[in-house]
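Observations on the model geometry
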Amino acid sequence: MFSQPAIADPPRRVWRDWVLLGAVYAAAMLETALRTDMVWRVPSFILALAIGPTVLFRRTHPLPALAIAFGAVAAVDVAALIANVEWEGHYSMAFLLTLPYAVFRWGSGRDGALSLLVLLLPTVLGALGQPNPVGNAFGGAVIVLLSALLGAVVRYEFDLMRRRVDDARTEQREEIARDLHDTVAHHVSAIAVQAQAGRAVAANDPLTAVDTLAVIEEEASRTLAEMREMVAALRSDDDQVALTPTAGVTDIEQLVTTTPGSLPVQIDLRGDLDDLRPAVNSALYRLAQESITNARRHAKNASTVEVVVNGETDCLRLTVSDDGDTSGATGPAGHGLIGMAERAKLLGGSFRAGIDRSKGWTVEVVLPREGARA
């Protein structure tokens, strides 16, 4: 817990913070003017005005904001004990509960531990002047700790969601790297074969050797271009290199029988689908595979899945749609869509998935024919 770092680059002041501060000031003025049972009316109003701005920097500096606000409240509590006055302060000061939440939501583990020590003093002091000090102290501590616990829970959920998204992106990057590695391995093998042939004929047929060098140059250029398409994709060290062609557009028809589920799938390959760059060719297959799998698993009461791959002049367009029941649905479960969007983005394309107006769920992917450049 103590080693947990603070959230990097937390959100700074937004319009909602100014609205909250304005509401605190407005409530404090109304209480000061209308409440008849207030003790230390003017000092309480001044205190509310003084510590109200802590809400503006509670995310970027959560522990100082909490220490300033609750420290000021503790000082007034001490003065009330000395004067033997039952001071409660403004009801509008309930905004202070946003500060423990902010510490555990945005601060470090050390900030959280220190904040509990800071909160202990005003909680105890505020209860001492009350008729039932033990009960009031316990009740106040529970309320403050619930606020802190809520912040910790929200932080955990966001961290878990971020890790899942990162895992989905990493998985897609590794898969892209594996596909491209296999393709590059083929080119390197071809270069090696051509180089061996060139050496064999160099002495007796120099012209053939020159032609061989031209082929090697072309293969090397293509290999370099495809290596650049890897962008920042990652690859596990223990992956085995397989010198076999990776699946592409022409293999999409096989997905009818190889993807899990029994929902019928109709494949329609249109346009120019020849001479595609390996990364784009492989991506179309992977995206179609994931989309068909999602439809077969999650499309309710669907009768068919339609897959259309259209080879246009400058791009490749993949559309996967089903006619399932989408009432109350938000899309396929899991983070598969995140990984699909990441794959399309890495190749310079676009990705859209959502409920179609006329029927069920539709996935649309557009990839540039030449792929992305690093």
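Residues numbered from 1 in each chain as written. Predicted model: local features only at pLDDT ≥ 70, side-chain atom pairs only at ≥ 80, totals over all residues. Heavy atoms only, no water.

1. A word on the overall build of the protein chain
When its secondary structure is counted, the protein chain shows ten helices and five strands. Going through the 374 residues of the protein chain one by one, you find that 40% of them count as buried. The long-range fraction of contacts in the protein chain, counting pairs at least 24 apart against all pairs at least 6 apart in sequence, stands at 77%. When the accessible surface of the protein chain is summed, it comes to about 20,300 Å², and 59% of that surface belongs to carbon and sulfur atoms. (Helix = DSSP H or I, 4+ residues; strand = E, 2+ residues; numbered from the N terminus. Buried < 20%, exposed > 50% of the residue type's maximum accessible area, 1.4 Å probe, protein only. Contact = heavy atoms within 4.5 Å. Areas by Shrake-Rupley, 256 points an atom, 1.4 Å probe, with all protein chains shown as cover.)

2. Quick notes on the environment of Ala67
With respect to the helices, strands and loops of the structure, Ala67 is situated in helix H3 (residues 62-82). The exposure class assigned to Ala67 is partly exposed, which follows from its relative accessible area of 31%. The spatial distance from the C-alpha of Ala67 to the C-alpha of Leu119 is 8.2 Å, given a sequence separation of 52 residues.

3. Description of helix H10 (residues 336-346)
Residues of H10 that are buried: Leu337, Gly339, Met340, Glu342, Arg343, Ala344 and Leu346. Gly348 lies just past H10 and shows a positive phi near 80 degrees.

4. Quick notes on helix H2 (residues 41-51)
Three or more residues of H2 are buried, namely Ser44, Phe45, Leu47, Ala48 and Ile51. Summarising the axial view, the buried residues of H2 lie within an arc of 160 degrees, below the 170-degree limit, and thus occupy one face. Away from the buried face of H2 by more than 90 degrees, exposed residues Val42, Ile46 and Ala50 are located. Looking at the buried side of H2, the elements it contacts are helix H1 (15-34) and H3. (Arc of directions from axis to C-beta.)

5. Observations concerning the pattern of salt bridges
Pairing between side chains of opposite charge can happen when their charged atoms approach one another. Evaluation of the coordinates by the stated rule reveals nine salt bridges. Measuring nitrogen to oxygen at the nearest pair gives 2.9 Å for the salt bridge that ties Asp159 to Arg162. Of this pair, Asp159 and Arg162 both sit in helix H6 (residues 133-201), separated by three residues, roughly a single helical turn. Residue Asp159 is classed as buried on the basis of its relative accessible area of 11%. With relative accessibility at 44%, the residue Arg162 sits in the partly exposed group. One network of salt bridges, with partners in common, ties together Asp17, Arg58 and Arg59. (Salt bridge = Lys/Arg side-chain N within 4 Å of Asp/Glu carboxyl O.)

6. Focus on a nonpolar patch on the surface
On the surface, Phe138, Val142, Leu146, Leu149 and Val153 cluster together to form a nonpolar patch covering roughly 480 Å² of accessible area. Assignment of secondary structure puts Leu146 in helix H6. (Patch = residues over 30% accessible without salt bridge, like charges linked within 9 Å, V, L, I, M, F, W, Y side chains within 5 Å.)

7. A few points about the pairing of strand S2 (residues 305-311)
Where burial is concerned, most of S2 is hidden: five out of the seven residues are buried. As paired elements, strand S1 (residues 265-271) and S2 share seven bridges and run parallel to each other. When the sheet's bridge partners are listed, Arg270 is paired in S2 with Asn310. The handedness of the S1 to S2 crossover, carried by helix H9 (residues 278-298), is left-handed. The turn joining S2 and strand S3 (residues 315-322), which pair antiparallel and follow one another in sequence, is formed by three residues. (Pairing = 2+ DSSP bridges. Right-handed = clockwise from strand over helix to strand, strands pointing away.)

8. So, the packing of aromatic side chains
Going through the model one piece at a time under the given rule, you end up with zero aromatic pairs. Positioned above the aromatic ring of Trp106, the side-chain terminus of Arg105 is 4.0 Å from the ring centre. Residue placement shows Arg105 over the ring face of Phe158; its charged tip is 4.6 Å from the ring centre. (Phe/Tyr/Trp six-rings, centres within 6.5 Å; stacked < 30°, edge-to-face > 60°. Lys NZ or Arg CZ within 6 Å of the ring centre and 35° of its normal.)

9. So, the side chain of Ser147
Mapped onto the fold, Ser147 is located in helix H6. Note on Ser147: relative accessible area 10%, which makes it buried. Looking at Ser147, its side chain comes within polar contact range of the main-chain oxygen of Leu97, at 2.4 Å. (Polar contact = N/O pair within 3.5 Å; in protein donor to acceptor, adjacent residues only side chain to side chain.)

10. Observations regarding the sheet that holds S1
A sheet is described by the order of its strands in space; here five strands give the open sequence S1-S2-S3-S5-S4, paired in mixed fashion. In this open sheet, the two strands that pair with only one neighbour each are S1 and strand S4 (350-355). Adjacent strand axes in the sheet meet at a mean angle of 10 degrees, parallel and antiparallel pairs treated alike. Sheet strands touched by H9: S1, S2, S3 and strand S5 (361-368). Its angle to S3, the strand with the most contacts, is close to 10 degrees. Helix-sheet contacts for H10 involve S4 and S5, and the interaxial angle to S4 is about 150 degrees. (Axes fitted to C-alpha atoms, helices over the stretch in contact; angles between N-to-C directions.)

11. Description of the nonpolar core
Burial of nonpolar side chains together is a common tendency in soluble globular proteins. The biggest cluster of nonpolar side chains holds 31 residues, and the ones touching the most others in it are Ile252, Leu284, Val307, Leu318 and Leu367. Elements with a contribution of two residues or more to this core: H9, S2, S3, H10 and S5. Sorting elements by how many residues they give to this core places H9 first, with nine residues. Ignoring anything within four residues of it in the chain, the contact list for Val307 reads Ile252, Val265, Gln266, Ile267, Asp268, Ile292, Leu318, Thr319 and Val320. In this structure, Leu56, Phe70, Trp87 and Val144 belong to the second largest nonpolar core, which totals 26 residues. (Core = buried A, V, L, I, M, F, W, Y, C linked by side-chain atoms within 4.5 Å.)

12. Describing the confidence of the model for the protein chain
Across the protein chain, pLDDT averages 81, with 83% of residues at or above 70. Across residues 231-244, where pLDDT falls below 50, the model places 24 contacts with residues more than four positions away in sequence or in other chains. (pLDDT = per-residue confidence, 0-100.)

13. Focus: the side chain of Thr293
The topology assignment puts Thr293 in helix H9. Residues contacting Thr293, with those up to four places away along its chain left out, are Thr259 and Pro260.

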